[in-house]
Structure formats: structure tokens, C-alpha cells
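# Structure at a glance
One-letter residues, chain by chain:
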Amino acid sequence: MKIQTEAGERHVLAVTVDNESGILAKITGMFSARGYNIESLTVADISADHAVSRITIVTSGPPAVIDQIIAQLDRLVPVHSVTDLTDQGAHVEREIALVKVAGTGDKRIEALRMADVFRAKVVDTTLTSFIFEITGSSDKVDRFVALMRECGLVEVGRTGVVAIARGAEAV
Amino acid sequence: MTEMSGADMVVQALVDLGVDTVFGYPGGAVLPIYDALFNHPQIKHILVRHEQAATHAAEGYARATGKPGVVLVTSGPGATNAVTGITDALLDSIPMVVLTGQVPTNLIGTDAFQECDTVGITRHCTKHNYLVMDPDRLGPVIHEAFFIATHGRPGPVVVDIPKNVQVATGSYTVPERIEHKSYRPQIEPDADPIAKAIALIAAAERPVFYSGGGVINAGPDASAALRQLVALTGAPITSTLMGLGAFPSDDPKWLGMLGMHGTYEANMAMNRADLIIAVGARFDDRVTGRLDAFAPEAKKIHIDIDRSSINKIVPVDIAIVGDAGRALDALIAAWQDRGHQARDLGEWWRRIDGWRATRCLDFPEKTEASAEIMPQRAIKALFDATRGRDPIITTEVGQHQMWAAQHFGFSAPNRWLTSGGLGTMGYGFPAAVGAQIAKPDRLVVCVAGEASLQMNIQEMGTVSQYRLPVKIFILNNEYMGMVRQWQELTYESRYSNSYSDSLPDFVKLADAYGWTGLRIDTLGELEDGIRTMIDTPGPVIVDCRVAKLANCFPMIPSGAAHTDMILQPSDVIGTMDDEAKALV
Ligand SMILES: Cc1ncc(C[n+]2csc(CCOP(=O)(O)OP(=O)(O)O)c2C)c(N)n1
Ligand SMILES: [Mg+2]
């Protein structure tokens with residue numbers, strides 16, 4: 001007997017929650033308990049009184065599963081709102097990566113040239129290393145990191161996606 | 001705002017919330033609260049013998065009254081012992097508030113004596129939980145905990161209280177408006193799906209109502225509304241295990257329970273219906289059977305207070321989010337406003353009568369006085385003997401539970417207490433204790449299996465201490481019968497570890513605890529034995545010996561369609577393929 005899994009599409013969800021201890025465990029635990037995917041998750045407090053946090057979750061699944069994920073998030077007591085940015089249409093997604101590259105000579109020059117093409121900033125340098133900061137879609141960051149692997153990549157840190165809908169309205 | 005100790009605040013909050021009973025067990029981390037409860041004039045503390053039993057007793061209390069059950073346990077092992085009952089309450093949507101002691105705040109995270117991460121452990125088996133680090137928060141948190149446990153879809157809420165927070169003083173405040181800042185369950189249904197639903201109901205040729213525990217949770221008025229809507233439409237009705245009692249079983253429109261051990265007519269009606277009206281039921285796998293064959297011809301209307309229940313398993317045509325009672329009221333009003341009349345469903349009823357003619361709950365039995373008792377007969381005899389006494393029936397988990405669901409007729413809500421979602425052996429007896437505390441003058445009978453009963457049998461001491469007239473009626477087949485039945489169906493009768501060996505002498509055990517014990521061995525003794533049980537004051541345990549190898553039918557084997565029911569033993573093949581074996 002084989003165990004089967006279903007393919008799905010990527011969705012970006014914006015979730016506002018009470019900024020209380022355990023909330024992340026509650027959200028991520030719900031995903032793992034019900035077998036949903038988390039491709040990335042970012043969280044930070046966003047209100048002036050520090051009472052509300054916004055979590056951006058990138059997940060994937062067939063439409064019915066995405067629907068369930070939203071309903072399951074929505075019923076958690078500390079969750080204020082859940083918005084499916086992918087479903088809503090136009091939205092902006094950004095991710096930041098810090099990329100450390102080590103090397104000398106040609107490799108070093110090549111790294112710097114490619115960073116320029118990707119509009120990555122140099123935020124630290126020594127004689128044998130650079131740290132680049134790159135901002136953009138996850139795709140762009142992926143491509144940059146892949147290229148840097150050829151140029152002496154030693155370490156990378158990524159924030160995961162934050163996203164917001166276009167236009168004047170708030171979620 | 002009054003200055004008092006945290007422990008006094010806990011007790012004050014319980015008084016303010018109208019709590020009259022707490023089920024609990026003391027220990028180091030809750031001693032301050034126990035001291036505040038000492039000889040308390042308004043709150044009765046019921047001392048159980050194991051914390052799991054406190055949670056099930058609280059569930060029994062809640063299910064019998066509609067009020068939240070309250071539990072008080074110590075940190076560490078007290079809290080972990082409560083986890084099974086908390087999970088049981090989550091799956092069956094039972095309102096419950098569990099207060100747990102915790103090590104003092106300065107010791108949290110140090111692996112202190114009897115420390116465990118209670119909020120971590122219970123995060124995913126509660127509706128919500130709290131760790132209260134500041135005595136000033138105790139009042140608002142406990143009030144909010146009760147609000148959350150009882151509003152929207154009910155469920156268990158844990159409040160973890162470090163010992164120093166119980167000892168420290170602070171100000172007790174009651175929030176002005178008791179609600180949660182973001183939790184807003186939808187209670188009133190939207191008008192639009194109600195209008196669409198009533199049009200579908202009025203036009204349906206083969207409608208069937210499928211009701212569940214949500215109707216019981218919505219209160220007796222919801223059950224009354226369900227009866228009215230069924231009467232108006234003339235449609236047949238079936239229900240889940242958790243929904244039994246919402247609709248009277250002696251009404252001709254009642255098809256019996258549906259699902260794995262449901263009746264042939266209920267499952268066939270679901271399969272052939274052109275419209276299913278699900279009310280407070282959640283299309284559990286025990287109900288649907290094989291999903292791709294579930295109700296293939298039916299449009300579906302789903303009423304549920306929890307939006308995540310809708311389209312979770314079965315996609316539906318009309319979703320009505322809200323309280324089951326309010327939704328039923330709205331449907332009745334819409335039906336009457338539009339002047340609908342019940343359609344002639346004669347053709348549909350004729351088909352149903354055809355399925356009823358299989359008499360699927362009949363069972364083979366011998367009738368002489370010396371014959372062994374068929375378990376179904378024992379339930380029927382219990383039902384007959386308790387008619388007119390409005391008994392509360394609790395069950396353990398196994399074949400006896402299914403036989404009770406099939407053969408005991410219920411005519412009102414809050415009389416049937418069983419563990420449906422989690423299927424927890426050890427639930428029934430403590431649940432009976434909780435129900436008896438809530439309803440001291442009622443006849444409360446726990447229908448038990450000899451194996452399940454042993455999971456919380458220590459509660460005989462609790463019953464003796466509080467002089468509760470609880471009756472335990474054991475269908476003793478000397479097997480974990482339900483396990484044995486699956487082994488017979490799936491594993492060629494290799495009965496691996498399913499024999500109830502080394503059973504206690506239940507009559508002597510009764511004696512040891514100061515109960516009355518009696519044993520029934522043959523059919524001829526059955527009626528008298530049951531009568532003696534009912535007529536004997538105080539607690540009684542009945543060891544009713546039944547046929548050891550009887551199986552519970554009808555049965556839809558897991559993974560099979562509603563139309564593939566096993567109706568009798570001769571239908572059993574005895575083997576299954578791996579796909580079927582992998583299903584629970
Ligand atoms: C706590 C727990 N452990 C295991 C099971 C699995 N299980 C379901 S029914 C059953 C046998 C119950 O035997 P008994 O109480 O004698 O009831 P019978 O089926 O014989 O009527 C078992 C072991 C369970 N439901 N709950
Ligand atoms: Mg048994």
C-alpha cells in the first residue's frame with residue numbers, strides 16, 4: 001500500500017493576532033497537527049500599543065485545504081483576522097536576505113558585479129569577505145543565492161516573506 | 001475592586017459565575033485554593049480518586065445540565081492526568097474550565113518539583129488556555145475563560161495558576177462586559193443562506209435531516225425547534241451518536257442512528273436522498289463511510305456554529321454558520337412566512353419503509369430461561385424497565401456503547417452521555433458520577449463494558465463517599481468486544497490481547513466499597529436483576545454476563561460505502577485488504 005499526497009498551489013496569508021505568549025506555538029502547532037505546510041512564516045508586533053502582531057504565512061495546498069487552513073486559523077481564540085492575499089489579487093511580497101560570501105581574486109570581483117546587477121547592497125566587508133543585503137521577491141532572492149553559491153557563499157539568513165495588498169484599503 | 005489573595009479571587013470568581021460544583025484532587029500547587037474552598041458555603045468540591053475522572057465527571061455534569069463543568073487539579077501529574085478528559089471535551093464540544101496549579105513563577109522553567117509545561121501540553125487539546133502570572137489578572141481571566149468555554153462552539157479552557165499567584169494579594173475585578181477582545185463566534189445565521197435553504201427544503205423529493213451534538217449543545221429549545229421543523233416538512237430524520245435524544249426515538253419520522261453502526265434505513269436514506277440537512281453535525285468519518293460514495297445524489301445544507309466544520313470533509317451547497325437553535329428558528333420562520341406546505345413525500349417514505357423491513361437491529365436469540373443473554377436483549381430490558389423514569393444513561397466505549405445507542409430509545413436531550421469523538425474508555429462511569437451530582441434525584445445508569453470500567457473503577461470510592469445512587473450495568477462479555485470484533489473481521493479471528501483475563505469478582509468488589517453487587521447469568525434472571533438494581537437504594541453494580549462472541553451489527557466496515565453494510569454475521573468475510581486495514 002502507498003500513502004498518497006495531493007499537490008497544491010502557493011498562498012500568502014496575512015494573520016493578525018493578539019500579541020501574547022504562546023501564540024506562535026498555537027499557530028504553528030495547528031499547522032503541524034493538521035498536516036498543513038508552512039513554507040515561510042514571519043511575525044512582528046505592528047500596533048502602537050504592542051497588542052497586535054501580524055503574521056505572514058506562505059503555505060501551499062489544494063483549494064479546499066487552503067480554505068480549511070483559513071477557517072482553522074480564524075477559529076483560534078487569539079486570532080483577529082485572516083486574509084488570503086493570493087486570493088485577493090494584487091499584493092506586494094518582499095523578503096530580505098543577508099548573504100555572506102568569502103573569497104579573493106576573480107570570485108570576489110564576480111560576486112560584487114552580480115550583487116550590483118541584483119541591486120544587493122554591501123553591508124559589511126573584510127579583505128576576504130562580503131555581506132550582501134538583498135530585498136525582493138522570494139524568487140529573486142533564490143536566484144541571487146543560487147548564483148552566490150558559485151562565488152564562495154558561506155552563510156545565508158533570510159527573513160521569510162512579508163506581504164501586503166496593493167491599494168488604499170487595510171486588511 | 002476588592003483586595004484579596006489570588007486563591008480567594010479564584011473562589012470568588014467561581015461564586016460570581018454561578019458555579020456550584022468543582023471536581024478535583026488536591027496537591028502542593030493548589031493548596032491555597034483548597035484552603036479557600038475549605039467548608040465553603042456555596043461551592044461543593046467533589047473529591048475524585050484520579051484526575052482523569054474529575055474531567056469526565058465535569059463532562060457528565062456539563063452534558064446533563066448544559067452548564068460548564070469545573071475541574072481543579074494540581075500541577076505536574078495532576079495536570080497531565082487531566083489531559084485525556086480535556087481532549088475528550090474538545091472533540092465532543094463540552095464546555096469545561098480546568099484550573100491547574102503551577103509551580104511558583106520564579107521556578108517556572110527550572111524543572112521544579114511537579115512542574116510541567118501545562119499550557120504547552122494542553123495548547124492543542126483546549127479551545128484556549130492561560131497562564132496567569134499576575135494576581136490582578138485572575139478575575140478577568142477566569143471570567144473570560146468561562147465565556148470562551150461556553151460561547152460559540154463549546155470546549156475546554158485551561159487556566160494555569162502558579163502557587164505564588166494564589167498566595168499574593170491583588171485586586172479582584174470583574175470585567176464590565178464579559179467578552180473576548182477578538183473572539184466573536186457567529187451566533188445569528190445570515191438571512192441569505194436561510195432563504196436558499198428553505199427553498200431547497202420545500203422543493204426536495206427525498207429530504208433527510210441529519211442532526212448531531214450541536215443541537216444538544218444549543219439547548220433544549222434547539223431540540224424543540226428541530227422537532228417542529230421535522231414535523232412541518234414531514235421529512236425523515238437520523239442523528240449521530242452525539243445527537244441522540246434531540247429527536248424522540250418513538251416518532252415515526254425517526255430512522256435511528258446513522259453511520260458505522262447505524263441502521264440500514266438511516267444509511268440508505270442518506271445514500272439515496274436528494275437533500276441532506278445537517279444540523280450541528282460534522283460529517284465525521286464514523287458517519288460518512290467511504291467519502292466518494294457518500295450521499296452521491298444529495299444537495300447538502302450544513303448548519304454549524306464552527307465555520308471550519310463546513311466543507312472540511314464533505315463539500316456542501318449551502319452553509320449556515322450560527323447556533324443550531326437560532327438557525328432552526330430562522331428556517332421555521334422562513335418556512336411559515338412563505339406559506340410552504342409539506343410536500344407529499346409518500347414515495348420516499350415507501351422506499352424507507354422497504355429498508356425498514358430488513359429489521360436490521362433484530363438479532364438471533366434463544367428464549368428459554370436458562371439461555372445466555374444476548375447483549376442487545378440486556379439493553380432492551382434495561383430500556384423497558386426504566387421507561388417513564390426519565391433515566392440518564394452514560395456509556396463506556398465499545399460494543400456495549402453501540403448496542404446502547406441502537407437499542408435504548410431516547411426522547412429528550414441531555415439524557416445520553418457518551419464519548420463520541422475521542423472514544424475514551426473510562427469515560428462512562430465518572431461521567432455518571434458527574435451527572436448524578438448534577439441531578440441527585442434522577443436514575444443514572446452507566447452501561448459499561450468490563451474492560452472499560454476498569455479504566456476508572458477507582459471512582460467507586462467517590463460514589464461511596466458522596467452516597468451517590470449511581471448504577472453500573474456491565475455487559476460482561478469477558479472480551480474487549482469491539483477489538484475482538486475487528487480482529488474477527490480483519491485478522492481471521494486472531495484475538496491478540498483482547499481477552500479480559502483476570503477479571504475481578506465485581507460482586508465482591510461492590511461489597512468492598514460498600515455498594516450492592518449482583519450478578520445476572522441467564523435470560524431468566526435478567527428482568528428481575530434489572531428491577532433489583534433500580535429498586536435498591538444507593539449505588540449498585542450489576543455484573544450482567546452476556547454472550548461472549550456476539551458482534552455488533554449492522555456495521556459499515558471502515559472504508560466502505562453506506563450501501564455496503566454488513567447486516568448479519570453470515571455477511572462477514574474475515575479478511576480485508578491493506579487499504580481497508582489502514583483505516584481506523
Ligand atoms: C482509552 C482507550 N484505550 C483503548 C481503546 C480502544 N478500544 C475501543 S473499544 C475497546 C474494548 C472495550 O472493551 P469493553 O469495555 O469490555 O467493551 P465491549 O466492546 O466488550 O462492549 C478498546 C480497547 C479506547 N477506545 N480507549
Ligand atoms: Mg467487554
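Reading guide: rules and limits
Residues numbered from 1 in each chain as written. Chains lettered and ligands numbered in written order. Predicted model: local features only at pLDDT ≥ 70, side-chain atom pairs only at ≥ 80, totals over all residues. Heavy atoms only, no water. UniProt positions renumbered as here; feature names shortened; annotations may be inferred. Helix = DSSP H or I, 4+ residues; strand = E, 2+ residues; numbered from the N terminus. Contact = heavy atoms within 4.5 Å. Buried area = accessible area lost by both parts, 1.4 Å probe. Salt bridge = Lys/Arg side-chain N within 4 Å of Asp/Glu carboxyl O. Polar contact = N/O pair within 3.5 Å; in protein donor to acceptor, adjacent residues only side chain to side chain. Nonpolar A, V, L, I, M, F, W, Y, C, P; charged D, E, K, R; others polar. Near = heavy atom within 4 Å. Donors = N, O, S within 2.8 Å, 3.2 Å for Na, K, Ca; no water. Buried < 20%, exposed > 50% of the residue type's maximum accessible area, 1.4 Å probe, protein only. Core = buried A, V, L, I, M, F, W, Y, C linked by side-chain atoms within 4.5 Å. Domains from an automatic or database assignment. Phe/Tyr/Trp six-rings, centres within 6.5 Å; stacked < 30°, edge-to-face > 60°.

## Let's talk about the UniProt feature "domain: ACT" (unreviewed entry) in chain A
The UniProt record annotates "domain: ACT" (unreviewed entry) at residues 12-87 of chain A. Taken end to end, residues 12-87 of chain A has its terminal C-alpha atoms 9 Å apart, with 34% of it in helix and 38% in strand.

## Some words on the interface of chain A and chain B
Contacts between the two partners involve 18 residues from chain A and, on the opposite side, 20 residues from chain B. For the chain A and chain B pair, buried surface summed over both sides reaches about 1600 Å², with 52% attributable to carbon and sulfur atoms. Across the pair D306 of chain B and R75 of chain A runs a salt bridge whose closest N-O atoms are separated by 2.8 Å. Across the contact surface, chain A and chain B share 6 residue pairs in polar contact (both at pLDDT 80 or more). With 5 residues, the top contributor of residues to the side of chain A that touches chain B is helix α2 (residues 63-74) of chain A. Looking at the side of chain A that touches chain B, its residues break down into 8 nonpolar, 5 polar and 5 charged.

## Side note on the site of ligand 1
Residue and element names in this part refer to chain B. The immediate surroundings of ligand 1 are formed by 17 residues, with Q399, G423, S452, Y479 and G481 found nearest. A distance of 2.8 Å separates a nitrogen atom of ligand 1 from a polar backbone atom of G423. M482 is positioned with one of its backbone polar atoms (N or O) 2.9 Å from an oxygen atom of ligand 1. Mapped onto the shell around ligand 1, the elements with two or more residues apiece are α16 (399-407), α18 (450-453) and α20 (481-490). A per-class count over the shell around ligand 1 returns 8 nonpolar, 8 polar and 1 charged.

## Section: the coordination of the magnesium ion (ligand 2)
Residues and elements named next belong to chain B. Protein ligation of the magnesium ion (ligand 2) involves E450 (OE), E450 (OE), N477 (OD1) and Y479 (O), the donor distances falling in the range 2.1 to 2.7 Å. For the magnesium ion (ligand 2), the single-chain donor residues occur in sequence as E-x26-N-x1-Y. Here E450 is found in helix α18, whereas its partner Y479 is found in the loop between β18 (471-476) and α20, with 29 residues between them in sequence.

## Topic: the environment of E144 of chain B
Residue and element names in this part refer to chain B. Note on placement: E144 falls in helix α6 (residues 135-150). Of the residues examined, E144 reaches a relative accessible area of 13% and is grouped as buried. Every residue in contact with E144, bar those within four places of it in the chain, is listed here: Y130, E179 and H180.

## Structural notes on the nonpolar core
Residues and elements named next belong to chain B. Membership of the largest hydrophobic core comes to 104 residues, with the highest contact counts inside it found for L226, F473 and L526. Considering each element in turn, this core owes the most residues, 7 residues, to helix α13 (residues 324-337). Lining this core are residues from two domains, each supplying at least three of them: domain 2 (191-356) and domain 3 (375-545). Ignoring anything within four residues of it in the chain, the contact list for L526 reads I373, R377, A378, A381, F473, I520 and C544. Formed by 45 residues, the second largest nonpolar core is a distinct cluster that contains A62, Y427, A431 and V433.

## Considering the packing of aromatic side chains
Within the structure shown, the criterion is met by 15 aromatic pairs over all chains. Between F118 of chain A and F144 of chain A the ring centres are 5.2 Å apart and the planes differ by 50°, which places this aromatic pair in the tilted class. Within this pair, whereas F118 of chain A is found in the loop between α4 (106-117) and β6 (121-126), its partner F144 of chain A is found in helix α5 (residues 138-149), the two being separated by 26 residues in sequence. Relative to W416 of chain B, the ring of F410 of chain B has its centre 5.0 Å away and its plane inclined at 50°; by these criteria the two rings are tilted.

## A few points about the domain arrangement of chain B
Residues and elements named next belong to chain B. One can read the domain layout of chain B as domain 1 (2-172), domain 2 (191-356) and domain 3 (375-545). The distance between the C-alpha centroids of domain 1 and domain 2 comes to 37 Å. Both sides together, the interface formed by domain 1 and domain 2 hides about 690 Å², and carbon and sulfur atoms give 46% of it. Among the salt bridges present, the one from R153 reaches D306, with a minimum N-O distance of 2.8 Å. Joining domain 1 to domain 2, the criterion identifies 5 residue pairs in polar contact (both at pLDDT 80 or more).

## Remarks on the environment of K196 of chain B
Residue and element names in this part refer to chain B. Residue placement: K196 occurs in helix α8 (residues 191-203). K196 gets classed as partly exposed once you look at its relative accessible area, which sits at 46%. When the C-alpha positions of K196 and G388 are compared, they lie 41 Å apart, and in sequence the two are 192 residues distant.

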